[in-house]
Amino acid sequence: MKTKLIAPSLLSADFGNLQRDIEMLNNSQADWLHIDVMDGRFVPNISFGFPVMKTIQQHAKKFVDVHLMIVEPEKYVEEFIDYGANLVSVHYEACTHLHRTINLIQSKGAKAGVVLNPSTPVLMLEDIIADVDLVLLMSVNPGFGGQKFIENTYKKIAETKDLILSNNSTALIQVDGGVNLDNASKLFEAGADVLVAGNAVFSTENPERTIELLKI
């Protein structure tokens, strides 16, 4: 059966009521909790670090998916895993020694993902695709929520699927940025397995219902 996973991004949650929002997701049909970590260097924004991760770890009952938008991620992956990350994704563009970093994540018992910015071609993953558990395709330029979806993402999903199949990889394809009720089903049809949704979930009156609708 085709995978259809929804990973709401806590970057769009209400930080004054973070426990409430996490508990809402625990009780919803959300599959993963997506955590966007930004350092103000790799991307022009700063989000949160270990104190917030500790709060998430205390309350989250679902798979925790951490997306590191930071330079030198290899310095921090072990600590994120210690704070409950089940999957850690690092940017191709931020890793000088990508293979080593992927191996480090997996050696600590977590799944490892690699992330591509919109302008990075899929073929750059040819030598790593068999080793990763997930490929995250950014469908906006990373750093801010609420951006417009980049249409070229559909082409990149198809290219990633071809690369996965031709290398006998088991990697899932995740899409992050501008995902909403208008394009979710089309993204799944194109070959995506996991969709990250932030504003599309948390800005609605009934986030739990929105999560259900994103999976249809």
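Residues numbered from 1 in each chain as written. Predicted model: local features only at pLDDT ≥ 70, side-chain atom pairs only at ≥ 80, totals over all residues. Heavy atoms only, no water.

An unreviewed UniProt entry lists the protein under the name Ribulose-phosphate 3-epimerase, with Chryseobacterium muglaense as the source organism. Note on the protein: under the UniProt heading Pathway (unreviewed entry), the record states "Carbohydrate degradation." The UniProt entry for the protein carries the following comment under Catalytic activity (unreviewed entry): "D-ribulose 5-phosphate = D-xylulose 5-phosphate". (UniProt positions renumbered as here; feature names shortened; annotations may be inferred.)

Turning to the overall build of the protein, a few remarks are in order. On a plain count of helices and strands, the protein comes out with eight helices and eight strands. A compact globule built from 216 residues would reach a C-alpha radius of gyration of about 17 Å, and the protein, at 16 Å, matches this within 12%. Each principal axis of the C-alpha distribution contributes one length, and for the protein these read about 45 × 35 × 35 Å. Long-range contacts, defined here as pairs at least 24 residues apart, represent 66% of the contacts in the protein between residues at least 6 apart. A total of about 9,900 Å² of accessible surface is found on the protein, and carbon and sulfur atoms cover 48% of it. (Helix = DSSP H or I, 4+ residues; strand = E, 2+ residues; numbered from the N terminus. Rg over C-alpha atoms; globule rule 2.2 N^0.38 Å. Contact = heavy atoms within 4.5 Å. Areas by Shrake-Rupley, 256 points an atom, 1.4 Å probe, with all protein chains shown as cover.)

Turning next to the nonpolar core. Grouped together as the largest cluster of nonpolar side chains are 61 residues, with contacts concentrated most on Leu10, Ile35, Val66, Leu68, Val90, Leu187 and Leu195. Counting residues in each nonpolar core, the second largest holds eleven residues, with Leu5, Trp32, Leu134 and Leu136 among its members. (Core = buried A, V, L, I, M, F, W, Y, C linked by side-chain atoms within 4.5 Å. Buried < 20%, exposed > 50% of the residue type's maximum accessible area, 1.4 Å probe, protein only.)

With that settled, consider helix α4 (residues 98–107). Burial in α4 covers these residues: Leu98, Thr101, Ile102 and Ile105. End-on, the buried residues of α4 take up no more than an arc of 100 degrees, which puts them together on one face. Structural note: α4 exposes Arg100 and Ser107 on the side pointing more than 90 degrees away from its buried face. Here the buried face of α4 lies against α3 (77–82), β4 (87–91) and β5 (111–116). In the segment just after α4, Gly109 is the residue with positive phi, at about 95 degrees. (Arc of directions from axis to C-beta.)

Let us now look at the environment of Thr160. With respect to the element layout, Thr160 can be found in helix α5 (residues 153–166). Using a relative accessible area of 0% as the deciding quantity, one classes Thr160 as buried. Separated by 13 residues in the primary sequence, Thr160 and Ile173 have C-alpha atoms spaced 7.6 Å apart. Beyond its immediate sequence surroundings of up to four residues, Thr160 is in contact with Val122, Val135, Leu137 and Ile173.

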